[in-house]
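Listed here are the chains, written in short residue letters.
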Amino acid sequence: MDKLRVLYVDDEPDIREIATISLGLGDEFAVKSCASGEEAVPLAKTWQPDVILLDVMMPVVDGPETLRRLRSADETSDIPIIFVTARTQKQEIESYIALGALGVIPKPFMPMELVQQVKETLVSATR
Amino acid sequence: MDSIIAMVEGGSVIVVAVLCCIFFGERLRGSLWLGGVVYGVVFAITGAIVMSNSVELIPGIRTDPRNAVAVLSGAIGGPVSAAISAIAMMALRWSYGGMGAVAGMVSIGAAAISSVVLWAWWTRWRGLQPSKMYIFYQAAFPAAAVHALVIFMMSQAPPEIFIRSISMATPTNFLAVLLLGGLIVSEQQRRWAMKSNIEMQAHLAAIANNAPGMLFQMMLDEKGRLLFPYVSEGSRRIFGIRRQRFLQTPDFIYELLDEADGQRLKEVLTASAESRNRWSFEAVYHHPTRELVWLQLSAEPRIDSQQRLVWDGSISDITTQKRNEQMKNEFVATVSHELRTPLTSIHGALSLLASGTQGEMPQSVRRLLTLALQNSERLKNLVNDILDIEKIESGSMPFELEPVQLDSLIEQAIDANANYRSSDEVTITFRNDAPGVAGLIDPDRFNQIIANLLSNALKFSPPDGLIIVRLEEVDGLARISISDEGPGIPVSFQHLLFEKFEQFDSANNRTKGGTGLGLSICKAIVERMDGTIDFVTEMDAGTTFIVEFPVVEIASEPARDTDQLAKSLRQRLIDAKEEDALEPSRPREALSR
């Protein structure tokens, strides 16, 4: 049975590593990660993840810009995107949703719950 | 006929004196000596003129309003004036000689003295502000009573002459004082009113011009065009533009504001003209010499004395306030990000280690790991609590209220709490006395409240203690009570319980963790959801926190099993891939099937 493919994008290597381990728990997801929006777009085009988890605050190409680039490319325009961020003030969350993000997972995330949170966000968007 | 003409002549002289008094009086008001001398001279001349123009109304009896002049001199000019005019008139009467010389002199003197006594009494009692009532007293006492007494006492004339004299002199003097004094007082009052009106306007203009912001009065003419009957000097501070510009070309304000803000102003005026409600909105202005200026425009409608609708209002510069608000938001966002980024790594790494998924480790390491994890948890909660407080206080915490059954939420919160509990053998029992009862709440926030109260109860429970969570319905309210068997809350601390950063501090409590923000957040959240929170406590017996929400009706809804849905989602995604193996997968399409 194919696993759900998850791409995790974050410029902080420590967080990336922890997120990769966390998403791998339970062996439900196939996880790849990269450090920037610039890397994320070509990787998403070739690997075709089922969902992309994006950090918001990244140097050069930030989360929202990465989302725009993914949306504007045919191969990646339909991939659901969830922001994983510490910037979770009301107006910030509203702006992510307005950009077309499926949902927001706040940092610090709970490693043991990350898989469940991703699934719930995907499911809640289909309701 | 001659006597009437003479009376009119006498009256005219007094009127001229009165006008002189008013003219000088205004300039010399409050100056007892100089004012008194001027008044005295004017009344002395007046007295001399009226005495040389006496009228023979009754054959053999000549009369004139000399006593009235003496009274008015004292009443208006005070003691100095009374003395000067009285001495002059008495000397004149002496020079005339005759049978009634002494009586005439005494009557002038008595009139002057009595008017000064009344003046002194009135000035002490009411201040230097003569009224018509004062003039009436001045007319009545000296001109009638004192006058009559003096004549009676001093007269050497036969009673017949005396009676005829009194019957003429008393009413003439009384009426003269009343009429002329009244004239003076009403003229003085009119002038003072005018003057104080001008002064008041100057005061108000000074206040308005020095008030922060720009004050204005605004109205719409019959064609709906904007008019400014008044604009304060603040226009220069706010817009860098003279007030006359607004008064002359009121539409100018639309040029100053952005197009959208100008439209907004038109809309609020139209709406307020109909509803008669106060309006207020924020706008931006591109100042010629400063950067962008934020303005707050507001006004209150009223109907003026000419039955026109006018708005009294102000435009204030709120740029600093706006900038501070923005800086605070940026600060909070930055702090939250900068603190949470390292915390994500620390807490994440510790959680993964402690979960045992990364391999087993010796007991001594596990213990240290648990300590580190608990403290990173505490730090995380602190950051979250500080951000929560900021959000609640700034009103930016989102609340999505919906009718929700409380029992299932409470059960979830208890289960979640059980997962985080350390090894203490504390038992949590849920007594559901109101199954299915619902409140209009935000489920996430409700969960936050229960989790917080449970964690408090756990913190203060003795090992092997019992926590009872109870849900009941009392008088249309859903009551959730959480009771522990802890040490209780000391009386001295009870009033601080819901305050920020307050923790009952004793030797062993510091080690129990917590930020001191939990209960103040709980209270704020409960109140935002129309509920109340309170507590009952007994030392060494335990504490019960009681949260109440109004009960609402709920339409039954099947429970959602997210796990189930997640499974079916995954299956659908897999199916979609298998069906369309050549094409790249389209999760969005798959999701929407």
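Quick caveat, the model's predicted, so the values are computed rather than measured.

So, how was this worked out
- Residues numbered from 1 in each chain as written.
- Chains lettered and ligands numbered in written order.
- Predicted model: local features only at pLDDT ≥ 70, side-chain atom pairs only at ≥ 80, totals over all residues.
- Heavy atoms only, no water.
- Helix = DSSP H or I, 4+ residues; strand = E, 2+ residues; numbered from the N terminus.
- Contact = heavy atoms within 4.5 Å.
- Areas by Shrake-Rupley, 256 points an atom, 1.4 Å probe, with all protein chains shown as cover.
- Buried < 20%, exposed > 50% of the residue type's maximum accessible area, 1.4 Å probe, protein only.
- Lys, Arg positive; Asp, Glu negative; His and termini not counted.
- Salt bridge = Lys/Arg side-chain N within 4 Å of Asp/Glu carboxyl O.
- pLDDT = per-residue confidence, 0-100.
- Arc of directions from axis to C-beta.
- UniProt positions renumbered as here; feature names shortened; annotations may be inferred.
- Phe/Tyr/Trp six-rings, centres within 6.5 Å; stacked < 30°, edge-to-face > 60°.
- Lys NZ or Arg CZ within 6 Å of the ring centre and 35° of its normal.
- Pairing = 2+ DSSP bridges.
- Axes fitted to C-alpha atoms, helices over the stretch in contact; angles between N-to-C directions.
- Patch = residues over 30% accessible without salt bridge, like charges linked within 9 Å, V, L, I, M, F, W, Y side chains within 5 Å.
- Left-handed = near helix turned anticlockwise from the far one by under 90°.
- Nonpolar A, V, L, I, M, F, W, Y, C, P; charged D, E, K, R; others polar.

(A) Representation of the overall build of chain A. Helix and strand content of chain A: five helices and five strands. Overall, chain A shows an N-to-C arrangement of helices and strands of β-α-β-α-β-α-β-α-β-α. By sequence separation, contacts in chain A at least 24 residues apart represent 61% of the contacts at least 6 residues apart. Here chain A displays about 4,900 Å² of accessible surface, and carbon together with sulfur accounts for 49% of that area.

(B) Quick peek at the side chain of D261 of chain B. Residues and elements named next belong to chain B. Relative to the elements of secondary structure, D261 occurs in helix α10 (residues 259–275). One buried charge, D261, has no salt-bridge partner; the nearest side chain with opposite charge is R264, at 5.9 Å. When residues no more than four places from it in sequence are discounted, the contact partners of D261 are F281, E282, A283 and V284.

(C) Highlighting the environment of E472 of chain B. Residues and elements named next belong to chain B. Here E472 is to be found in strand β11 (residues 466–474). Taking the relative accessible area as the measure of exposure, E472 reaches 16% and is therefore buried. Along the primary structure E472 and D407 are separated by 65 residues, whereas in three dimensions their C-alpha atoms are 9.8 Å apart. Apart from residues no more than four positions distant in its own chain, E472 is found in contact with D433, A434, L477, A478, R479 and S481.

(D) View of unusual backbone geometry. Cis geometry is adopted by the peptide bond preceding P108 of chain A, which originates at K107 of chain A and carries an omega value of -5 degrees. If you trace the backbone, P108 of chain A turns up in the loop between β5 (103–106) and α5 (114–126). Located in the positive-phi region is Q48 of chain A, a residue other than glycine, with phi close to 55 degrees. The topology assignment puts Q48 of chain A in the loop between α2 (37–47) and β3 (51–54). If you check the backbone angles, Q307 of chain B has positive phi at about 60 degrees while not being a glycine. Examined against the element boundaries, Q307 of chain B turns out to sit in the loop between β6 (292–303) and β7 (309–317). The exposed category is assigned to Q307 of chain B, whose relative accessible area is 64%.

(E) Local environment of the confidence of the model for chain B. All names here are of chain B. Averaged over every residue, the pLDDT of chain B is 81; residues scoring 70 or more account for 82%. Predicted confidence for residues 506–511 stays below pLDDT 50, and this span has five contacts to residues more than four positions away or in other chains. Below a pLDDT of 50 lies the segment residues 557–562, which in the model reaches four contacts outside its immediate sequence neighbourhood of four places, other chains included.

(F) Focus on α2 of chain A. Residues and elements named next belong to chain A. For α2, the complete set of buried residues consists of G37, A40, V41, A44 and W47. The buried residues of α2 occupy one face: seen down the axis, they fall within an arc of 155 degrees. The inward-facing, buried residues of α2 contact β1 (4–9), β2 (29–34), β3 and α3 (63–72). Phi turns positive one or two residues past the end of α2, at Q48, with a value near 55 degrees.

(G) Main features of the pattern of salt bridges. Here the structure, examined in full by the defined rule, presents 19 salt bridges over all chains. Between E187 of chain B and R190 of chain B there is a salt bridge, with the nearest N and O atoms lying 3.2 Å from each other. One end of the pair, E187 of chain B, and the other, R190 of chain B, are both in helix α6 (residues 159–210), three residues apart, so they sit about a helical turn from each other. A salt bridge links D221 of chain B to R225 of chain B; its shortest N-O distance comes to 2.9 Å. The structure contains a network of salt bridges with shared partners spanning D10, D55 and K107 of chain A.

(H) Quick peek at the UniProt feature "modified residue: 4-aspartylphosphate" (unreviewed entry) in chain A. The UniProt feature table records "modified residue: 4-aspartylphosphate" (unreviewed entry) at D55 of chain A. With respect to the helices, strands and loops of the structure, D55 of chain A is situated in the loop between β3 and α3.

(I) Expanded view of the confidence of the model for chain A. For chain A, the mean per-residue pLDDT works out to 90, and 98% of the residues sit at or above 70. The least confident element of chain A is helix α4 (residues 90–99) of chain A, whose mean pLDDT is 86; the most confident is β3 of chain A, at 96.

(J) Representation of the packing of aromatic side chains within the structure. Residues and elements named next belong to chain B. This model, assessed by the stated rule, comprises 16 aromatic pairs over all chains. Aromatic side chains W122 and Y137 sit 6.2 Å apart centroid to centroid with 65 degrees between the ring planes, which places their arrangement in the edge-to-face category. Remark: Y137 occurs in helix α5 (residues 132–154) and W122 occurs in helix α4 (residues 101–126); sequence separation between them is 15 residues. Ring pairs connect the aromatic residues F216, F228, F239, F246, F252 and Y285, which therefore count as one cluster. Of note, R245 hangs over the ring of F252, and the distance from its end group to the ring centre comes to 3.9 Å. Cation over ring: K523 sits above F498, and NZ or CZ is 5.5 Å from the ring centre.

(K) Region of interest: the sheet that holds β6 of chain B. All names here are of chain B. Reading across from one edge, β4-β3-β7-β6-β5 is the order of the five strands in this open sheet, with antiparallel pairing throughout. The strands lining the two open edges of the sheet, one partner per strand, are β4 (226–231) and β5 (279–286). Taking the axes of each pair of neighbouring strands and ignoring which way they run, one obtains an average angle of 30 degrees across the sheet. Bridging between strand β3 (residues 214–220) and β7 involves six bridges; their strand directions are antiparallel. Note on β7: the bridge partner recorded for M218 is W311. α10 rests against β3, β4, β5, β6 and β7 of the sheet, and its axis sits at about 160 degrees to β5. On the sheet, helix α11 (residues 319–355) packs against β5, β6 and β7 and is oriented at approximately 120 degrees with respect to β6.

(L) Focus on a nonpolar patch on the surface. Residues V37, V41, I45 and I49 of chain B make up a contiguous nonpolar surface patch of about 290 Å² in total accessible area. Its location among the elements puts I49 of chain B in helix α2 (residues 32–51).

(M) Main features of the packing of helix α1 (residues 13–24) of chain A against α11 of chain B. For the pair α1 of chain A and α11 of chain B, the least separation of the axes is 9 Å and the interaxial angle reads 35 degrees. Considering the relative orientation of α1 of chain A and α11 of chain B, their crossing is left-handed. Contacts from D14, I15, I18, I21 and S22 of chain A in α1 of chain A reach T341, T344, S345, G348, A349 and L352 of chain B in α11 of chain B. Here the contact of α1 of chain A with α11 of chain B is composed, by residue class, of five nonpolar, five polar and one charged.

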